[in-house]
Amino acid sequence: MTCEKYREQLHDFLDGKLPLRAVRAMTEHELSCPMCYALREEMQEILYSLHNLDTELDMPQELSVSWRQRLRTERYRARRRRLPIRVWAAMVSVILILIGGTSLVRMGLIEGGAPKKGVIEFGPTVQLPDSPGNTIAGLKIIQNAKFEAESGDFEDDVQSILGLAKSAGGWTSKQIISGEERADSASLLRVAEVTVRVPQNQLDYFAAKLGDFTTVKRSETTSEERSEEYNRTAALLEGYEATLERLQQRMAEAASLDEVLMIETEITSVQAMITVTAGKLSEWDMYEAFAQIDIRLTESAAQQAAAASIGARMAAQFRMSVSAVKTYFTDMMIFLVTAAPWLLILGLMAGAALLIERVHWRSRQM
Amino acid sequence: MDETEKLIKRAQTGDSEAFETLMAPLEKRVYGLALRITNNREDAFDCTQETMLRAFRSITDYRFQGAFTTWVFRITTNVCLDMIRRRRIKPYISLELMQDSGFTFSDKSSNPLDEIIRDDLNQDLKVCISKLPLDQRVIVILRDIQGLAYEDIAAILKISLGTVKSRLSRARERIRKMMYRRHGTNLEELNSSRGVNYVRKENHTDDL
């Protein structure tokens, strides 16, 4: 073995990591090389001294106490930091109450919530009048309404209007969608002109629901009493019917062909008048039973802009989100205000329970 | 399940008394390790406290893989290295400071001359260790003072076994050269004055 090899393996040798054969070779080399032997002796002495360097180390006496104290303080703080289960339960309860209450407001079970956009809740089953004609004091009153509204979600809102009319027991009699030039002449805004008919007793319901998913800019409701005209027409119809009866009697008694032809012409004329008059009465009956609602729905500029570019769409979407958040928190505030007395009672009860628990805990500590 | 394992399991459930019992035999070694790495008594004091707290906080992470002592030393080493990096502790310290550090190394049974020589030797050794680069110093402390196995050192420092060996060889060689410059033949004198053959303990981790 060379001295170089010996020195290479020296540390493994000192650490007892060499196999027996290598150890023998090292020892044999030492016998023939005093320098390597001295080196090993020197290194061994250093290692021995290092190994025993800290055997009589004086550890500061206060250290032992100090770390234990810190440990206990830490534990105490950790225990204090760790929220007890009842605090978690209280926090969860508060959150649930807030979310639940706000949901109740949004569902309309608590009055005063913001209208829901784009959501249609179908009303109660429509009770149609049993027979045409206004039963109130025998008056014939025809009601009509006109709305001008803006839509943030044009296609959906048009469909919502049609669905709303249907759900109210009515139908759509006209639907036109066209484009209208914007103020900045940059593009067209879509406009829907829709005419629906709904039972008169559903008119208010329809108007209220329309406001839930569109922004109504203008509304106009007209009531027109047509009793006199109706009664006159009804009397006219009775007259025509009486005339028709008389003509039919005369026809039965007619003796000549000329007379028959003349009576037949008159009958045809009277029958036509009866048809027209009866049709008029039916029309009035229908107008009275079903109110006509004309809606002019304009696509809102924000939505139109949203379709223009990604930036504009993102901005519009962001505005919508902000608006939704605002609406949500408004609903939450409404709930809080509505439920304030109950929440106050609940809070007082919880506070009292905590106070009792604390007093009890203190008495146990003493 | 031995007593230590029971204590560890109890400590893992948050039993601080069990933890204190578990750490009591280790606190001096932790302090010694911290002192050798930081070269400063106050820093070693702080590091020991921090090690204890960290060990308590993370004892649930100990999975009974490897010796508990190694796990504690890993925390100590990390705490000390963190402190050195954070506060940029000077790697070298003066002999005066070392003497002020409360070290005594005396063999009551030996003669006064022997004691003086050995005392001198130990002080020099401490200075030599403190003059080593940090990476080598930590390895010498873990291996030659604390007596950890190469594998444990590699695991603690997250380096390869080969790196541990090479750094250790370099560190020992440096110490030997420094000692030689300082003491010359003192080692031999000490050897002859003792008249003993040193039997180095292979491993004195006496892991819990």
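Trainee: How would you explain the overall build of chain B if you had to name every residue and give the values?
Mentor: Looking only at helices and strands, chain B features 11 helices and zero strands. Counting from the amino terminus, helix and strand elements in chain B follow one another as α-α-α-α-α-α-α-α-α-α-α. Looking at the 208 residues of chain B, the share that counts as buried comes to 54%. Taking the contacts inside chain B whose residues are at least 6 apart along the sequence as the reference set, 71% of them involve residues at least 24 apart. Summed over all atoms, the accessible surface of chain B reaches about 9,600 Å², with 49% contributed by carbon and sulfur.

Trainee: Describe the overall build of chain A, with residues and values.
Mentor: Helix and strand content of chain A: 11 helices and five strands. The 366 residues of chain A split such that 32% are buried. For chain A, the proportion of contacts with a sequence separation of at least 24, taken over those separated by at least 6, is 77%. In the structure as shown, chain A presents an accessible area of about 22,900 Å², 59% of it carried by carbon and sulfur atoms.

Trainee: Give me the lowdown on the interface of chain B and chain A, citing residues and values where you can.
Mentor: Contacts between the two partners involve 54 residues from chain B, matched on the other side by 38 residues from chain A. Summed over both sides, the interface between chain B and chain A buries roughly 4,700 Å², with carbon and sulfur atoms accounting for 58% of that surface. In this structure, B:Arg176 and A:Glu42 form a salt bridge, with 3.5 Å as the shortest nitrogen-oxygen distance. In this assembly, chain B and chain A are joined by 11 residue pairs in polar contact (both at pLDDT 80 or more). Elements represented by at least two residues in the side of chain B that touches chain A include exactly α2 (16-23), α3 (27-38), α4 (41-57), α7 (112-131), α8 (134-145), α10 (161-183) and α11 (186-194) of chain B. Grouping the amino acids of the side of chain B that touches chain A by side-chain chemistry returns 24 nonpolar, 12 polar and 18 charged.

Trainee: Summarise the pairing of strand β1 (residues 141-151) of chain A; cite the residues concerned and give the values.
Mentor: All names here are of chain A. Alignment of β1 against strand β4 (residues 215-225), held across 10 bridges, turns out to be antiparallel. By the bridge assignment, Ile-142 is partnered in β4 with Glu-224. Across eight bridges, the pairing between β1 and strand β5 (residues 290-299) is parallel. The residue bridging Asn-144 from the neighbouring strand is Gln-292, located in β5.

Trainee: Quick rundown of the state of the cysteines? Include the residues and the values.
Mentor: Residue and element names in this part refer to chain A. In the structure shown here, the tally under the stated rule is zero disulfides over all chains. Counting only cysteine sulfurs, Cys-33 is the nearest neighbor of Cys-3, a cysteine outside any disulfide, at a range of 3.6 Å. Exposure remark for Cys-33: the relative accessible area of 9% places this residue in the buried category.

Trainee: For the pattern of salt bridges, give the residues involved together with the corresponding values.
Mentor: Under the criterion given, the structure shown has 28 salt bridges over all chains. One salt bridge in this structure joins A:Arg218 and A:Glu220, with 2.9 Å as the shortest N-O distance. Judged by its relative accessible area of 30%, A:Glu220 falls in the partly exposed class. Three or more residues are tied together by salt bridges with common partners; here these are A:Arg70, B:Glu50, B:Arg54, B:Arg57, B:Asp82 and B:Arg85.

Trainee: Which residues make up the environment of B:Leu53, and what values go with them?
Mentor: One can find B:Leu53 in helix α4. Since its relative accessible area comes to 1%, B:Leu53 is described here as buried. If near-sequence neighbours (up to four positions away) are discounted, B:Leu53 is found in contact with A:Arg70, A:Leu71 and A:Glu74.

Trainee: I'd love a proper account of the packing of aromatic side chains, names of residues and values included.
Mentor: The relation between two aromatic rings is expressed through the spacing of the ring centres and the mutual angle of the planes. Residues and elements named next belong to chain B. For the structure on display, the rule yields nine aromatic pairs over all chains. When the centroid spacing of 5.1 Å and the interplanar angle of 65 degrees are considered together, the rings of Phe-19 and Phe-56 count as edge-to-face. Within this pair, whereas Phe-19 is found in helix α2, its partner Phe-56 is found in helix α4, the two being separated by 37 residues in sequence. Taking the relative accessible area as the measure of exposure, Phe-19 reaches 0% and is therefore buried. We classify Phe-56 as buried; its relative accessible area is 12%. An angle of 50 degrees between the planes, with centres 5.5 Å apart, marks the rings of Tyr-62 and Trp-71 as tilted. Both residues of the pair, Tyr-62 and Trp-71, count as buried. Three or more aromatic residues link up through ring pairs in this structure, and these residues are Tyr-62, Phe-64, Phe-68 and Trp-71. Sitting above the plane of the Phe-64 ring, Lys-9 keeps its charged end 5.3 Å from the centroid.

Parameters at a glance
Residues numbered from 1 in each chain as written. Chains lettered and ligands numbered in written order. Predicted model: local features only at pLDDT ≥ 70, side-chain atom pairs only at ≥ 80, totals over all residues. Heavy atoms only, no water. Helix = DSSP H or I, 4+ residues; strand = E, 2+ residues; numbered from the N terminus. Buried < 20%, exposed > 50% of the residue type's maximum accessible area, 1.4 Å probe, protein only. Contact = heavy atoms within 4.5 Å. Areas by Shrake-Rupley, 256 points an atom, 1.4 Å probe, with all protein chains shown as cover. Buried area = accessible area lost by both parts, 1.4 Å probe. Salt bridge = Lys/Arg side-chain N within 4 Å of Asp/Glu carboxyl O. Polar contact = N/O pair within 3.5 Å; in protein donor to acceptor, adjacent residues only side chain to side chain. Nonpolar A, V, L, I, M, F, W, Y, C, P; charged D, E, K, R; others polar. Pairing = 2+ DSSP bridges. Disulfide = S-S within 2.5 Å. Phe/Tyr/Trp six-rings, centres within 6.5 Å; stacked < 30°, edge-to-face > 60°. Lys NZ or Arg CZ within 6 Å of the ring centre and 35° of its normal.

None of the figures reported here should be taken as evidence of function without further support.
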